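A look at the structure
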Amino acid sequence: MIQYLKDKGFKKFHSVGYCFGVYVLFKYANKSEDFIEIVGCHPSIGAAGAFGENPDDLVKGVKCPAYLMPAGNDADNLKTDGEYFKILISKFGNDKVACTEFPDMIHGFVVRGDVSDEKVKRDVEKAIDLSVQYMNKLS
């Protein structure tokens, strides 16, 4: 798909992933500079370990800034005080990297949360709004 878009004249791309999709985006962004950024809601960067890869190396090798949005039960290394967020800041700076924690939410809330629950609805809307604001900022 990216090659198709490049053939149509597009040069850079915003990227948004959820759960395992964030791992896929980080993996791609280790090999390519096509992404402006990665927005990662309830990211599963640790999935790299299931494929014999080191998640730390995946984060260290990414070629674009990222906005991490971990849920309350996501790994601590993805959160504001976590190792992965600190690695991203050291690479790209505070002005291009962000992290918003959603402590009341469980992993997967953005794509499969029950939005009839007011707290879930509130945080899904917040995650989407923050994603758009971040992408606009880096455009």
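It should be noted that the structure appears before, not after, this text.
A brief report on the enclosed structure follows. Fair warning: this is a prediction, and the values are worked out from it, not measured in the lab. (Residues numbered from 1 in each chain as written. Predicted model: local features only at pLDDT ≥ 70, side-chain atom pairs only at ≥ 80, totals over all residues. Heavy atoms only, no water.)

**Some words on the environment of V124**
Within the fold, V124 resides in helix α6 (residues 118–138). Looking at V124, the relative accessible area reads 8%, which means it is buried. Other than its neighbours up to four places away in sequence, V124 contacts F109, V110 and V115. (Helix = DSSP H or I, 4+ residues; strand = E, 2+ residues; numbered from the N terminus. Buried < 20%, exposed > 50% of the residue type's maximum accessible area, 1.4 Å probe, protein only. Contact = heavy atoms within 4.5 Å.)

**Looking at unusual backbone geometry**
Phi is positive for C19, close to 55°, though the residue is something other than glycine. Of the residues examined, C19 reaches a relative accessible area of 24% and is grouped as partly exposed. Phi at H42 is positive, roughly 35°, even though this residue is not glycine. Tracing the sequence through the fold places H42 in the loop between β2 (35–41) and α3 (55–61). On the basis of relative accessibility, which here comes to 0%, the residue H42 falls in the buried class.

**Overview of the side chain of S131**
Note that S131 resides in helix α6. Judged by relative accessible area, which is 6%, S131 ranks as buried.

**Here's the deal with the sheet that holds strand β3 (residues 66–69)**
Strands pair in a sheet through their backbones, by hydrogen bonds, and they do so in one of two ways: parallel or antiparallel. On the basis of which strands lie adjacent, the open sheet formed by four strands has the order β1-β2-β3-β4 and parallel pairing. Here the strands that pair on one side only, and so sit at the sheet edges, are β1 (13–18) and β4 (98–99). Seen against the sheet, α6 touches β1, β2, β3 and β4 and runs at an angle of roughly 165° to β2. (Pairing = 2+ DSSP bridges. Axes fitted to C-alpha atoms, helices over the stretch in contact; angles between N-to-C directions.)

**Description of the nonpolar core**
In terms of nonpolar packing, the biggest core is built from 24 residues, with F26, F35, I38, I45, V59, V62 and L88 touching the most fellow members. Mapped onto this core, the elements with two or more residues apiece are α2 (20–31), β2, α3, β3 and α4 (83–92). If sequence neighbours within four positions are ignored, I45 has contacts with V22, Y23, F26, P55, L58, V59, L68, L78 and Y84. Judged by nonpolar contacts, the second largest core, of 17 residues, contains V39, M69, V124 and M135. (Core = buried A, V, L, I, M, F, W, Y, C linked by side-chain atoms within 4.5 Å.)

**Brief notes about α2**
Quick reminder: α-helices carry 3.6 residues per turn. Residues three or four places apart thus point the same way. With 12 residues, α2 should reach 16 Å at 1.5 Å per residue; the first-to-last C-alpha distance of 18 Å fits that figure. If you check which residues of α2 are buried, you get V22, Y23, L25, F26 and A29. Each buried residue of α2 lies within a common arc of 165° when the element is viewed along its axis, so the set occupies one face. For α2, the secondary structure elements touched by its buried residues are β1, β2, α3, β3 and α4. (Expected span 1.5 Å × (residues − 1). Arc of directions from axis to C-beta.)

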